[in-house]
Amino acid sequence: MRYLHTMVRVHDLERSLHFYCDLLGMKEVSRKEVEKGRFTLVYLAASDDFELAKEKRSPELELTYNWDPETYSGGRNFGHLAFEVENIYELCQKLKDNGIIINRPPRDGHMAFVRSPDNISIELLQKGERLPEQEPWVSMENIGTW
């Protein structure tokens, strides 16, 4: 068995691409417009997995954008997406500076949670050893749920 991808439905494709690509650093591997079905599929890969995803079509994140408006409930009903990051403090600051709420701050230098524009819970994990605790993260409270 081989892991292929996780699919999430998104309401605003450009806003979601900004979040996953510009802010989190993922890269677009491929895109498919299906006019008959009225949807767009965009496959993304983490930067360290990009070449593997181009070659093997995994591991990927599939963003599904339905052209006709639909209501999706939950956003957390399947759990969460997890990404290993080079520097959790720097990424959380970048996200915060771009208006993303840090639901569970990286108080321990190891783990944080944020939400995508479509309310998908995203876990961020520090690559390697946890970083030394530092402010303002140590003193930050949780916001909302993750």
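Residues numbered from 1 in each chain as written. Predicted model: local features only at pLDDT ≥ 70, side-chain atom pairs only at ≥ 80, totals over all residues. Heavy atoms only, no water.

1. As for the sheet that holds strand 3 (residues 39-45)
Whenever strands of a sheet pair, they do so through backbone hydrogen bonds, lying parallel or antiparallel. Overall, mixed pairing links the four strands, which are arranged 1-4-3-2 in an open sheet. Two strands bound the open sheet, and with one partner strand each, they are strand 1 (5-10) and strand 2 (27-34). Averaged over all neighbouring strand pairs, the angle between strand axes comes to 20°, with direction disregarded. In terms of strand pairing, strand 2 meets strand 3 through seven bridges, oriented antiparallel. Residue pairing for strand 3: Glu 33 is matched across the bridge by Thr 40. (Pairing = 2+ DSSP bridges. Helix = DSSP H or I, 4+ residues; strand = E, 2+ residues; numbered from the N terminus. Axes fitted to C-alpha atoms, helices over the stretch in contact; angles between N-to-C directions.)

2. Topic: the side chain of Ser 116
Looking at the secondary structure, you find Ser 116 in the loop between strand 7 (111-115) and strand 8 (121-126). A relative accessible area of 7% places Ser 116 in the buried class. (Buried < 20%, exposed > 50% of the residue type's maximum accessible area, 1.4 Å probe, protein only.)

3. A closer look at the pattern of salt bridges
Summed over the entire model, instances satisfying the criterion amount to seven salt bridges. Its salt-bridge partner being Glu 28, residue Arg 31 comes within 2.9 Å of it at the nearest N-O pair. For Arg 31, a relative accessible area of 39% translates into the label partly exposed. Relative accessible area serves as the criterion here: at 33%, Glu 28 is assigned to the partly exposed category. We note a salt bridge from Glu 51 to Lys 54, for which the minimum N-O separation is 4.0 Å. Taken together, the positions of Glu 51 and Lys 54, both in helix 2 (residues 50-56) and three residues apart, correspond to about one turn of that helix. Where salt bridges share partners, they join Arg 104, Asp 108 and Arg 130 into one cluster. (Salt bridge = Lys/Arg side-chain N within 4 Å of Asp/Glu carboxyl O.)

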